[in-house]
Amino acid sequence: MTALDFTPAPAAAPVLRQVGAQTRMELRLLLRNGEQLLLTIVIPTLLLLVFAKAPIADLPKPRVDFLVPGVLALAVMSTAFTGQAIATGFERRYGVLRRLATTPLPRAGLLAAKTTAVLAVEVLQVALLVIVGLALGWSPHGSAADVALLLVLGTVAFSTLGLLMAGTLRAEATLAAANLVYLLLLVLGGVAFPLSDFGGGVRHVLELLPIAALTDGLRASLSTSASLPLHDVVTLCVWAVVTGVLAARLFRWE
Amino acid sequence: MSSVAVEVRDVHKAYGDTRALAGLSWQAPEGAITAVLGRNGAGKTTAVGLCTGRLRPDQGSVTVLGADPRQTGAAWRARVGVMPQIAGSGAAGVYPSARVREALALFSAFAAQPLPVDSLLERLDLTGVAGKPWRRLSGGEQQRVSLALTLVGRPELVFLDEPSAGLDLHARLSMWELLEELRASGVTVVLTTHTMEEAERLADHVVVIDRGRTVAAGTVAELAGNDRRSLQDVFLELTSRPT
């Protein structure tokens, strides 16, 4: 065996270096996970391709202009909420969060790494979906800054919701609940089917869902009118604040 | 006696209605190996949890390297390495799909002057599994990786919760050699164990816990007394329950 000098020399690395290493680990694990890739890349892309080309539902024309904003919102939800909730739930279960808490990495640093990894995956998702959309004849309008604002607000709202779930439920319950919520919001959030298909009372309730607000906001921002609906921004902010406060108060690290 | 690295004073801790610790007090001298012995459920893991800041005492005080573990920051955490209990816990604290080298590189990035990852892998006989994900490792390999993660930041104090549980004889002897090497390098070691042989061979200081209280503490020779009983006999006598 090799001689190794174990003489103590304890000191924490600079925080940025720690967060960078943690971010790389989060990204690596995320991109290595087949189920996560199915959820974050394959399903949104397939949904866009199939619904744009096959006459599955009676959608506003041009179909691709209606679909791309919804699928972008779905991509954000899949990464920031579903994927993050499931991964974090199991990290709790396996004691990863507990062990990381004994290292010099601050808790805020861990959250920063998780957020950065989510944003990095979202950049990949958006790039892929935009390319597929353009290939299908999508003609985007509007302000890139408005779209970026909505995507960031949506990410914050879904991330805090995902962490709230992961930090309060058992890992298996988080797995089931996150997938169920994903499916329900996919169907009821205006992603692939217009909310106008639902009756008045139900529609008004569905419009308050974060996925509906993000989809509606992106659709309006990317349409020819290029307007940023304030009520969608407010809805996403309310979700972000409420779930953020709850997650901060209720999240259990083990 | 040298200065004290860990001091637990009259600590009480309960989980709901279950009392885990009932006035636990013990010390771990700096630069020595302290073995905390006890039956299953005696409170050993809870004691480690209190020392690492994971748990808060209901009553009493815990001081580790001069600080309350619940009121510390990154600088203190860099000084303290923690190896959680692995055997049977299902919560070893490592990403199941992380490869050994990746996990070690991550933990080394948290420290300013870490041990070289490749040398540590070689020292712990892990070079051959460096590319394997954690979940595909044997129990003994997981135990060694977990120890490597604890040591890579060059801490001055390590808490090892049953470090040799589940190891075969060769691996256990190798682990003991490593722990002796740590002590020789000036690292303070606090380990929990069920193995009397481990405590007898390694420990400069032994603490016996039973039902949340310290029932004996001292060197192996002090516990053995004038009639030179074995540590096992002493332990059995101290921790027996009426049947």
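Predicted model only: the values in this text are computed from it and were never measured.

**Q** What is the right way to read the overall build of chain B from this model?
**A** For chain B, the count of helices and strands is nine helices and nine strands. Taken against the 2.2 N^0.38 rule, which gives 18 Å for 243 residues, the C-alpha radius of gyration of chain B at 18 Å falls within 12% of a compact globule. Principal axes of the C-alpha set define a box for chain B whose edges measure 50 × 40 × 35 Å. Taking all 243 residues of chain B together, the buried fraction comes to 48%.

**Q** Would you take a moment to explain the overall build of chain A for this structure?
**A** The helix and strand inventory of chain A stands at 10 helices and zero strands. Helices (α) and strands (β) of chain A occur, in sequence order from the N terminus, as α-α-α-α-α-α-α-α-α-α. The C-alpha radius of gyration of chain A comes to 20 Å, within 12% of the 18 Å expected for a compact globule of 254 residues. Seen through its principal axes, chain A has C-alpha atoms that stretch 70 × 35 × 30 Å. Here chain A holds 254 residues, and 46% of them are scored as buried. Pairs at least 24 residues apart make up 82% of the contacts formed inside chain A by residues separated by at least 6 positions.

**Q** Teacher, can you tell me more about the nonpolar core here?
**A** Note on soluble globular proteins: their nonpolar side chains tend to be buried together. Judged by nonpolar contacts, the single largest core of 141 residues is most densely connected at Met 77 of chain A together with Ala 103, Leu 104, Ala 148 and Val 152 of chain B. Those residues within four positions of Val 152 of chain B in sequence are excluded, and the remaining contacts are Leu 104, Phe 107, Ser 108, Ala 111, Pro 114, Leu 115, Val 117 and Leu 120 of chain B.

**Q** Looking at this model, I keep getting lost on the pairing of strand S9 (residues 213-218) of chain B. Mind explaining?
**A** Regular strands show a simple pattern: their side chains alternate between the two faces of the sheet. With five bridges joining them, strand S8 (residues 205-210) of chain B and S9 of chain B adopt antiparallel strand pairing. Across the sheet, Asp 210 of chain B pairs through a bridge with Arg 213 of chain B, a residue of S9 of chain B.

**Q** Explain the interface of chain B and chain A here, please?
**A** The figure often quoted for interface size is the accessible area lost as the parts come together. Each side of the interface is counted separately: chain B has 40 residues, and chain A has 32 residues. Examining the composition of the side of chain B that touches chain A, we find that five residues originate from one element, helix H2 (residues 74-79) of chain B, more than from any other. Classifying every residue of the side of chain B that touches chain A gives 23 nonpolar, eight polar and nine charged.

**Q** Sorry if this is basic, but what is going on with the environment of Leu 111 of chain A here?
**A** All names here are of chain A. By the element assignment, Leu 111 lies in helix H5 (residues 107-135). Residue classification places Leu 111 among the partly exposed residues on the basis of 15 C-beta atoms within 10 Å. C-alpha separation for the pair Leu 111 and Leu 218, spaced 107 residues apart in sequence, amounts to 26 Å.

**Q** Honestly, the sheet that holds strand S5 (residues 80-83) of chain B in this entry has me stumped. Any pointers?
**A** Residues and elements named next belong to chain B. Read from one edge to the other, the open sheet built from six strands follows the order S5-S6-S7-S3-S8-S9, with strand pairing classed as mixed. Of all the strands in the sheet, just S5 and S9 have a single pairing partner and so form its edges. Taken pair by pair, the neighbouring strands of this sheet meet at an average axis angle of 15°, ignoring direction. Pairing geometry for strand S3 (residues 33-38) and strand S7 (residues 188-193), over five bridges, is parallel. Residue pairing in the sheet places Val 36 in a bridge with Thr 192 of S7. Sheet strands in contact with helix H9 (residues 231-239) are S3, S8 and S9, and its direction is about 30° off that of S8.

**Q** Looking at this model, I keep getting lost on helix H1 (residues 15-32) of chain A. Mind explaining?
**A** One turn of an α-helix holds 3.6 residues; hence residues three or four places apart share an orientation. In this model H1 of chain A runs 26 Å from its N-terminal to its C-terminal C-alpha over 18 residues, within 8% of the 26 Å that 1.5 Å per residue would give. For H1 of chain A, the full list of buried residues reads Gln 18, Val 19, Ala 21, Gln 22, Thr 23, Glu 26 and Leu 30 of chain A. Looking at the buried positions of H1 of chain A, the neighbouring elements they touch are helix H2 (34-53), helix H3 (63-93) and H5 of chain A together with helix H3 (100-109) of chain B.

**Q** Just to check I follow, could you spell out the sheet that holds strand S1 (residues 4-15) of chain B for this structure?
**A** One key point about sheets: their strands pair by backbone hydrogen bonds, in either a parallel or an antiparallel sense. Residues and elements named next belong to chain B. Strand order in the open sheet formed by three strands is S2-S1-S4, and the pairing between neighbours is antiparallel. At either end of the open sheet lies a strand with only one pairing partner, and these are strand S2 (18-29) and strand S4 (59-64). Direction aside, the axes of adjacent strands within the sheet are offset by 15° on average. In this sheet, S2 lies alongside S1 in antiparallel orientation, the contact comprising nine bridges. Within the sheet, the bridge partner assigned to Lys 13 lies in S2 and is Leu 21. Strands in contact with helix H1 (residues 44-51) are S1, S2 and S4; relative to S1, the strand with the most contacts, it is inclined by about 120°.

**Q** Help me out: how do you make sense of the environment of Gln 142 of chain B in this one?
**A** Residue and element names in this part refer to chain B. Tracing the backbone shows Gln 142 in helix H5 (residues 139-151). With 20 C-beta atoms counted inside 10 Å, the residue Gln 142 sits in the buried group. Spatially, the C-alpha atoms of Gln 142 and Val 100 are 9.1 Å apart, while their sequence positions differ by 42 residues. Among residues more than four places away in sequence, those in contact with Gln 142 are Ile 86, Ala 92, Trp 134 and Leu 137.

**Q** Explain the pairing of S8 of chain B to me, please; I cannot follow it from the model alone.
**A** Residues and elements named next belong to chain B. Counting buried positions along S8 gives five out of six residues, so the element sits mostly inside the fold. Pairing geometry for S3 and S8, over five bridges, is parallel. Within the sheet, the bridge partner assigned to Ala 35 lies in S8 and is Val 206.

**Q** Explain unusual backbone geometry to me, please; I cannot follow it from the model alone.
**A** In this structure, the amide linkage connecting Lys 61 of chain A to the following residue, Pro 62 of chain A, adopts the cis form with an omega of -10°. Position of Pro 62 of chain A among the secondary structure elements: in the loop between H2 and H3. The phi angle at Leu 65 of chain B is positive, at roughly 50°, despite the residue not being glycine. Counting through the fold element by element, Leu 65 of chain B comes out in the loop between S4 and H2. One non-glycine residue, Arg 211 of chain B, lies in positive phi territory at about 50°. As for its placement among the helices and strands, Arg 211 of chain B is situated in the loop between S8 and S9.

**Q** Is there a simple way to think about the packing of H3 of chain A against H5 of chain A in this case?
**A** Any two packed helices are characterised by how steeply their axes cross, that is the angle between the axes, and by the distance between the axes. All names here are of chain A. Orientation of H3 relative to H5, taken along the N-to-C sense of each, is 155°, at an axis distance of 10 Å. Considering their axes alone, H3 and H5 lie roughly antiparallel with respect to each other. Remark: the crossing between H3 and H5 carries right-handed chirality. Each of Val 64, Val 68, Val 71, Leu 72, Ala 75, Val 76, Thr 79, Ala 80 and Gln 84 in H3 lies in contact with H5, whose residues at this interface are Lys 114, Val 118, Val 121, Glu 122, Gln 125, Val 126, Leu 129 and Gly 133. Residues that form the contact of H3 with H5 fall into these classes: 11 nonpolar, four polar and two charged.

Rules and cut-offs
- Residues numbered from 1 in each chain as written.
- Chains lettered and ligands numbered in written order.
- Predicted model: local features only at pLDDT ≥ 70, side-chain atom pairs only at ≥ 80, totals over all residues.
- Helix = DSSP H or I, 4+ residues; strand = E, 2+ residues; numbered from the N terminus.
- Rg over C-alpha atoms; globule rule 2.2 N^0.38 Å.
- Buried ≥ 20, exposed ≤ 12 C-beta atoms within 10 Å, placed from the backbone.
- Contact = placed C-beta atoms within 7 Å.
- Core = buried A, V, L, I, M, F, W, Y, C linked by C-beta atoms within 7 Å.
- Pairing = 2+ DSSP bridges.
- Nonpolar A, V, L, I, M, F, W, Y, C, P; charged D, E, K, R; others polar.
- Axes fitted to C-alpha atoms, helices over the stretch in contact; angles between N-to-C directions.
- Expected span 1.5 Å × (residues − 1).
- Parallel < 35°, antiparallel > 145°, perpendicular 65-115°, else oblique.
- Left-handed = near helix turned anticlockwise from the far one by under 90°.

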